[in-house]
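Residue strings, one per chain:
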Amino acid sequence: MLGSLLKYEFSAVGRIMLPLLGALLAASAVLGFAIRAGSNIGTAAVLVYAVLFVAAMLTTLILIIQRFSKNLLGSEGYLMFTLPVSTGSQLWNKTISAIIWCLLTNIAVVISWILIMVCSDADFSAMTYGNVNSVGDFISQAFDYFGKGQVIGTAVELLAVVMIVSGSLALKVYASIAVGHEVENHRGICSVGVFIGFSILESIILNAVGDKFGDIGKDIAVKIADNTANALTGVHEVAISIGIVMAIFGAIYFAATWFIMDRKLNLD
Amino acid sequence: MSIIECRDLTKRYGSLTAVNNINLDLEKGRIIGLLGPNGSGKTTFIKMANGLLKPTAGTITIDGNVPGVQTKSVIAYLPDREYLPDYMTVGKIKRLYSDFYFDFNEEKANAMLQSLNIPENMSIRKMSKGTKEKLQLIMVMARDAKVYFLDEPIGGVDPAARDYILRTIISNYNPEAAVVISTHLIADVESVLDDVVFIQNGNIVLHKGADELRAESGKSVDGVFREVFRC
C-alpha cells in the first residue's frame, strides 16, 4: 500500500513542482544565452531566474508543511485516515516524498547553474583555480588528484547525507505540526513554537558534539594546504557523523509523530 | 449477530463529555438510524468507529476488531463534510478507491456516475456543492462493505437530491451489511430504517426496531423523536 500512497503523493506534489522546476531550468538557459549574446534582456533574465530560484526553494518547504497539515490533519484526512493503510505507511509516504522532492529541487538547481555556464559559454579561467576552465576539467582533475573511486564515493556519500538531512527536517516539521495539533486553539503558532523548541534542542546537542567537527574541519584544511590526497578522509568522517546524528534526530521525530497520529489522533 | 460492539465507550473534550459510557450492539443486515439533535454525539461516535478519534475510555469493535487497518478495509464511511482533494478528477478519485479498497465495485460506480451525467474528466473543484456530495456518496456506496457509516447524508441538500441519495443507499448497499445513518431529519429517512438509536447528550436513550417502536407508541419514529427531544 505504501507504493500506492506514493503514487498519489507524487502526483499531488508533482503537479506544482514539475512545472516550477521546468520553468527554473528554462529561465537558466535563457539567462545563459542572454549573457552570451550580451543582450540587454540580461537583467530581466537574472530577475526571473532569481524569483524562480527562491520560489522553487520556498514551494518545496511549503508543500512539505501543507501535504502533512492539510492532507492528513485537514478535511482530506477523512479520506487518508480511513484508507486501509498503517500509520507508519502514511508517515513514510510523506517522508520519502519530502526527501525525493528536496533532492529533485537540489538537482534542478545544480543543473540550472551548469546550464547557465554552458549556455553562456563564459570564460571562467580568471575566476578558477589553476587551469580549471570548465565543469569537465574540474571533474577530470578531481579524479586525477583524489582517485575516481574516492570522488564518486564521496559524491554518493554527500548525496546520502543531503537525503538524511532533508528527511530529518521534514520529520521535524511533521512532529511540530502533530504536537501543535494536540492543543485546541492557536495550533499554527503552537506548531511554530514547537519547531523552534526542537531546533534549539538540536543545536544544544550539536554544539556538545560539534567541537569534534571543528577539529576535523581544521584537519581537512591542513591536508588540502599540504596537498595531501587523504583530505577526503576528513570529509568522510564529517559526512558520516552528520548523517548519523541527523538520522537519530529523524528517528526520534518519526517515533513522536507516529505515536501522536496512531494513538492520540483527534481529527476535527 | 452484532457487527458493531461498544463497551463503556466514552469521549471527553476537557470538561465536556461528548459520548458518555455507551454500551451498544448493532447487527448486520439492518439499516440503523442514529438519531439525535445537533451536538448529541452522533459524529463523535462515528469518528471513533472509523479511528479518526481515540476514545477517552471504553472500546468499540467492528467485526471483532478495534479500529485499524483491518476495520478500515471493511467500513465505507461518508463524513459530514467535503473530504475529497479538489484538484483531482472523478476518474482519479475512482482509481484511488479502486487501488485501496478491494471491495470497490467500479461497474457500480460507473453506472451511478453515468445516471447523474458526471463525466470522468470533471475536476472536483468545478463541481457544485450538491454534485460533490453525490460523488462522495457514489464512491462510498459503490463499495461492497460490511459496515456503512453515513453521517448526515441528506443534510444541506434539496428535497429532490434527498430522494436520490436515499434511493442510492437503498439500491446499492450490501444486504449483509450494517448501514448506520446519522441524521436529525427523521421524517426523510424513517421509511428506510429497520432499527433506531436515539442519542442525547452523549447517552443512548433508546434502541429499538422501528416497527416495534411505532407499534408500542402508536406514533411515527419522527413523532417519538419530537416527544423525546422536545425543547
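Criteria and thresholds
- Residues numbered from 1 in each chain as written.
- Chains lettered and ligands numbered in written order.
- Predicted model: local features only at pLDDT ≥ 70, side-chain atom pairs only at ≥ 80, totals over all residues.
- Helix = DSSP H or I, 4+ residues; strand = E, 2+ residues; numbered from the N terminus.
- Rg over C-alpha atoms; globule rule 2.2 N^0.38 Å.
- Buried ≥ 20, exposed ≤ 12 C-beta atoms within 10 Å, placed from the backbone.
- Contact = placed C-beta atoms within 7 Å.
- Pairing = 2+ DSSP bridges.
- Axes fitted to C-alpha atoms, helices over the stretch in contact; angles between N-to-C directions.
- Nonpolar A, V, L, I, M, F, W, Y, C, P; charged D, E, K, R; others polar.
- Domains from an automatic or database assignment.
- Right-handed = clockwise from strand over helix to strand, strands pointing away.

Quick word on the overall build of chain B
Alright, step 1. Of the regular secondary structure elements, chain B holds 9 helices and 9 strands.
Alright, step 2. For chain B, the C-alpha radius of gyration of 17 Å lies close to 17 Å, the compact-globule estimate for 231 residues.
Alright, step 3. Taken along the three principal axes of its C-alpha coordinates, chain B extends 50 × 35 × 35 Å.
Alright, step 4. The proportion of buried residues among the 231 residues of chain B is 43%.
Alright, step 5. Restricting to contacts in chain B with at least 6 residues of sequence separation, those with at least 24 account for 72%.

A few points about the sheet that holds strand β3 (residues 31-35) of chain B
Residues and elements named next belong to chain B.
Alright, step 1. Taken together, 6 strands build an open sheet; the order of strands is β5-β6-β7-β3-β8-β9 and the sheet is mixed. Of all the strands in the sheet, just β5 (75-78) and β9 (203-209) have a single pairing partner and so form its edges. Adjacent strand axes in the sheet meet at a mean angle of 15° when their direction is disregarded.
Alright, step 2. The sheet contact formed by strand β6 (residues 147-151) and strand β7 (residues 178-183) spans 5 bridges and is parallel. For Phe 149, the partnering residue across the bridge sits in β7 and is Val 180.

Thoughts on the interface of chain B and chain A
Alright, step 1. The partner chain A presents 18 residues to the 20 residues of chain B that form the contact.
Alright, step 2. Broken down by secondary-structure element, the contributors of at least two residues to the side of chain B that touches chain A are α2 (69-72) and α3 (90-100) of chain B.
Alright, step 3. Residue contributions to the side of chain B that touches chain A peak at 3 residues, all from α3 of chain B.
Alright, step 4. Here the residues of the side of chain B that touches chain A are counted per class, giving 11 nonpolar, 3 polar and 6 charged.

Observations regarding the domain arrangement of chain A
All names here are of chain A.
Alright, step 1. Examined at the domain level, chain A breaks down into domain 1 (1-122) and domain 2 (146-268).
Alright, step 2. Each side of the interface is counted separately: domain 1 has 18 residues, and domain 2 has 17 residues.
Alright, step 3. Of all the elements in the fold, those that place two or more residues in the side of domain 1 that touches domain 2 are α2 (42-69), α3 (77-80) and α4 (87-120).
Alright, step 4. When residues of the side of domain 1 that touches domain 2 are assigned to their parent elements, the largest contribution, 10 residues, is made by α4.
Alright, step 5. When grouped by side-chain class, the residues that make up the side of domain 1 that touches domain 2 number 11 nonpolar, 6 polar and 1 charged.

Topic: the pairing of β7 of chain B
In summary, the side chains of a regular strand alternate between the two faces of the sheet.
All names here are of chain B.
Alright, step 1. Counting buried positions along β7 yields 6 of 6 residues, so the element is predominantly enclosed.
Alright, step 2. Neither face of β7 is left uncovered, since the one carrying Ala 178, Val 180 and Ser 182 and the one carrying Val 179, Ile 181 and Thr 183 both have all their residues buried.
Alright, step 3. Pairing analysis gives 5 bridges linking β3 to β7, with the strands arranged parallel. Its bridge partner lying in β7, Leu 34 is registered against Ser 182.
Alright, step 4. You can see the chain leave β6, run along helix α6 (residues 159-172) and come back into β7, and the turn it takes is right-handed.

Describing the environment of Ala 27 of chain A
Residues and elements named next belong to chain A.
Alright, step 1. You can see Ala 27 is positioned in helix α1 (residues 2-37).
Alright, step 2. Taking the C-alpha atoms as reference, Ala 27 lies 6.9 Å from Ala 45; in sequence the two are 18 residues apart.
Alright, step 3. Not counting residues up to four positions away in its chain, the partners in contact with Ala 27 are Ala 45, Val 48, Tyr 49 and Leu 52.

Here's the deal with the sheet that holds strand β4 (residues 57-62) of chain B
The strands that make up a sheet are held in pairs by hydrogen bonds between backbone atoms, and each pair lies either parallel or antiparallel.
Residues and elements named next belong to chain B.
Alright, step 1. Sheet architecture is open: 3 strands sit in the order β2-β1-β4, paired in antiparallel fashion. With one partner strand each, in any of the chains shown, β2 (16-27) and β4 form the two edges of the open sheet. With direction set aside, neighbouring strand axes in the sheet form an average angle of 15°.
Alright, step 2. Summarising the sheet, strand β1 (residues 2-13) and β2 pair through 8 bridges and their orientation is antiparallel. Among the inter-strand pairings, Ile 4 is bridged to a residue of β2, identified as Leu 26.

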